[in-house]
Amino acid sequence: MDNDSDLVELKKTDFGNGSMTRIILRQAIPLIVAQFTLLLYNTVDRIFIGHIEGIGKVALTGLGITFPIVTFISAVTLLFGLGGTPLFSIARGEEKIEEARSVMGNSFVLLGISSFVLMAVSYVFMSPILYSFGASDITYVYASSYLYIYLLGTPFLMLGNGMNYYITAQGFPKTAMITTLGGAILNLLFDPLFIFVFDLGIKGAAIATVLSQLISFAWVMSFIVSKKAIIKLTRGALKIKGAIVKGILALGIPNFIMNGTNALVQVLCNKSLNYYGGDDYVTIMTVIQSVRALLNVVINAVTSGSQPVLGFNYGAKKYNRVAQGIKINIALGLIYTAVAWVFIIIFPDIFIKMFIAKEDATPELINMGVHYMRIYFMAFIFMSFQLAGQSTFMALGKAKPAIFFSLLRKVFIIVPFTLVLPLVLADKPSGVFWAEPISNVIGGLASFLTMYFFVYRRLNSEEGIRKLLERKTGL
């Protein structure tokens, strides 16, 4: 039986009562800070590297070549970390404390094993991987220099970030925020120290990142095994259970696909741009993808913050609150993406200059960057529809549609358009950038409309709810 004292503590972070808007914002705002500061690990590196005297632009391009590997590591973190939190939240809502603890423990083991496997494979096959990703003999030097050191922090990165989701899912978003905030601030301080003061260049950026990840990992573990946690990680929870692993994989695969296919798209974009235009176009794409990561922080935080709230109320059979939460999720996403879109369309040059040193920021490069950035972000608002639909499926344990819409946007829309558009447009590199807004419109509307008709509307009737409960991982 579940421990009575744990149930008492559970009520303190009950998502089943009170204003849904307030609860979701209470979850989302610390996540925004946390995810933004987490993003600073890589973004600050890019800004400082781009301003290294004499080699800034080529070093930044080399760093861009490593993005698919970094992205794939993050995708696996989401697979085993965020993939378990819907199960964890639903078990909390059903007051099954030991089951929730086992989900958390299994996530920890999966994250640990996969981190060492990824690190080993990346070291062994680094050269062929980077060249296949579009590295030239010049950019390979900088890409490999960064990656050799960065990979040492893989276990800290994956375990720290993956287990941090369980802190948020227990109703401690501020603690989760502190996890990444402290590490990011240290990274911000370490970068100029190691890059410029110690004159280690791109290697210094990697050292700063690894040290920051180590500190964040230590903070997460000190909390998750302490009495402060409502459901703390114990040794007994580390026993692998096939049913739980299967559930984590089922619900983690959509986020894995969404982020893993980001790596595929990054490789394809870098190779296409290098073929049709050269290193300058890869540099522009590196900047644009960095800006996109910054802009995605808020919308990702809102959808991620709402997932444990929706999952808890779904497990507690409070379906009217689930429907209300979905509406709030959509509204917040639309408002943010609209504001972000206006800003990026009006002031794109600000972001170009942020990442490229003055001596490299020629008028030609700035104009080219502004032109392609406006194309790339033309339909950014439709990302709110994509994520609202997908996060709802995830929160309610509906893995199959979430997987489908992840694949639809990235694999079945972006990849073909990235390959075909350069062949039919006069400005061939522009075809690579046009693929993004096209996928946002088609993928976003498909994800949202499916969620609306097959989930949201069903929450308003007993017959609809019965259909939702029939298949745990399907529509």
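Bear in mind the structure is a predicted one, so any value in this text is a computation, not a measurement. (Residues numbered from 1 in each chain as written. Predicted model: local features only at pLDDT ≥ 70, side-chain atom pairs only at ≥ 80, totals over all residues. Heavy atoms only, no water.)

Undergrad: Honestly, the packing of helix α4 (residues 67–82) against helix α9 (residues 154–169) in this entry has me stumped. Any pointers?
TA: Helix-helix packing is characterised by the crossing angle of the two axes and by the distance between the axes. α9 packs onto α4 with a crossing angle of 40° between their chain directions and a minimal axis gap of 9 Å. Crossing geometry of α4 relative to α9 is assigned as right-handed. Taking contact as the criterion, the partners of Ile73, Val76, Thr77, Leu78, Phe80, Gly81 and Leu82 in α4 are, on α9, Thr154, Leu157, Met158, Asn161, Gly162, Tyr165 and Tyr166. (Axes fitted to C-alpha atoms, helices over the stretch in contact; angles between N-to-C directions. Helix = DSSP H or I, 4+ residues; strand = E, 2+ residues; numbered from the N terminus. Left-handed = near helix turned anticlockwise from the far one by under 90°. Contact = heavy atoms within 4.5 Å.)

Undergrad: Could you clarify how one ought to interpret the confidence of the model for the protein chain in this entry?
TA: Regions with low pLDDT should not have their predicted coordinates read in detail. Mean pLDDT over the protein chain stands at 86; residues scoring 70 or higher make up 93%. No element of the protein chain has a lower mean pLDDT than helix α1 (residues 4–11), at 47, and none a higher one than helix α6 (residues 97–124), at 96. (pLDDT = per-residue confidence, 0-100.)

Undergrad: Looking at this structure, I do not really get the environment of Ser226. What am I missing?
TA: Here Ser226 lies in the loop between α11 (201–224) and α12 (242–276). Assessed through its relative accessible area of 17%, Ser226 is described here as buried. (Buried < 20%, exposed > 50% of the residue type's maximum accessible area, 1.4 Å probe, protein only.)

Undergrad: Looking at this model, I keep getting lost on unusual backbone geometry. Mind explaining?
TA: Trans peptide bonds make up most of the peptide bonds, and negative phi angles are found at most residues other than glycine. The residue Asp199 is not glycine, and still its phi comes out positive at about 55°. With respect to the helices, strands and loops of the structure, Asp199 is situated in the loop between α10 (173–197) and α11.

Undergrad: I keep staring at the packing of helix α5 (residues 85–93) against α9 and nothing clicks. Help me out?
TA: Relative orientation of the contacting elements α5 and α9 amounts to 25°, with a least axis distance of 10 Å. By the angle between their directions, the pair α5 and α9 is classed as roughly parallel. Seen along the crossing, α5 lies across α9 with a hand that is right-handed. Seen from α5, the contacting residues are Thr85, Phe88, Ser89 and Arg92; seen from α9, they are Tyr165, Tyr166 and Ala169. For the contact of α5 with α9, the per-class residue count stands at 4 nonpolar, 2 polar and 1 charged. (Parallel < 35°, antiparallel > 145°, perpendicular 65-115°, else oblique. Nonpolar A, V, L, I, M, F, W, Y, C, P; charged D, E, K, R; others polar.)

Undergrad: How should the environment of Ser136 be read in this particular structure?
TA: With respect to the helices and strands, Ser136 occurs in the loop between α7 (126–132) and α8 (137–150). Each C-alpha atom, one on Ser136 and one on Leu186, is 32 Å from the other, the two residues being 50 residues apart in sequence. Beyond its immediate stretch of four places on either side in the chain, Ser136 contacts Tyr131 and Asp279.

Undergrad: Please explain a nonpolar patch on the surface as it appears in this structure.
TA: Together, Trp341, Val342, Phe343, Ile346, Phe347 and Ile350 make up an exposed nonpolar region whose accessible area comes to about 520 Å². Per element, the largest residue contribution to the nonpolar patch is 4 residues, and it comes from helix α14 (residues 319–346). As for its position among the elements, Ile346 is in helix α14. By relative accessible area, which is 47% here, Ile346 ends up partly exposed. (Patch = residues over 30% accessible without salt bridge, like charges linked within 9 Å, V, L, I, M, F, W, Y side chains within 5 Å. Areas by Shrake-Rupley, 256 points an atom, 1.4 Å probe, with all protein chains shown as cover. Salt bridge = Lys/Arg side-chain N within 4 Å of Asp/Glu carboxyl O.)

Undergrad: Explain the packing of aromatic side chains to me, please; I cannot follow it from the model alone.
TA: Each aromatic ring pair is described using two quantities: the centre-to-centre distance and the angle formed by the ring planes. In total, this model carries 26 aromatic pairs according to the counting rule given. Centroid distance Phe48 to Phe196: 6.0 Å. Interplanar angle 65°. Geometry classified as edge-to-face. Note that Phe48 is positioned in helix α2 (residues 20–50) and Phe196 in helix α10, a separation of 148 residues in sequence. With a relative accessible area of 37%, Phe196 lands in the partly exposed category. (Phe/Tyr/Trp six-rings, centres within 6.5 Å; stacked < 30°, edge-to-face > 60°.)

Undergrad: What is the right way to look at α9 in this model?
TA: Counting along an α-helix, one turn takes 3.6 residues, and residues three or four places apart therefore face a common direction. The first and last C-alpha atoms of α9 sit 23 Å apart over 16 residues, in line with the 22 Å expected at 1.5 Å per residue. Within α9, 14 of the 16 residues are buried, leaving the element largely enclosed by the surrounding structure. Phi turns positive one or two residues past the end of α9, at Gly171, with a value near 95°. (Expected span 1.5 Å × (residues − 1).)

Undergrad: Sorry, what's going on with the layout of surface pockets here?
TA: The gaps left among the atoms become clear once a water-sized probe is rolled over them. Here the second largest pocket is characterised by a volume of approximately 180 Å³. Forming the boundary of the second largest pocket are Pro68, Ile69, Phe72, Ile73, Val117, Leu118, Val121, Ser122, Ile129, Phe133, Ala263 and Val267. Where the lining of the second largest pocket is concerned, the elements lending two or more residues are α4, α6 and α12. In terms of residue class, the lining of the second largest pocket is built from 11 nonpolar, 1 polar and no charged. (1 Å grid on protein atoms, 1.4 Å probe; cavity = no way out; pocket = protein on both sides within 12 Å on 5 of 7 lines; lining within 4 Å. Points joined across faces, edges and corners; volume = space filled by probe spheres on them.)

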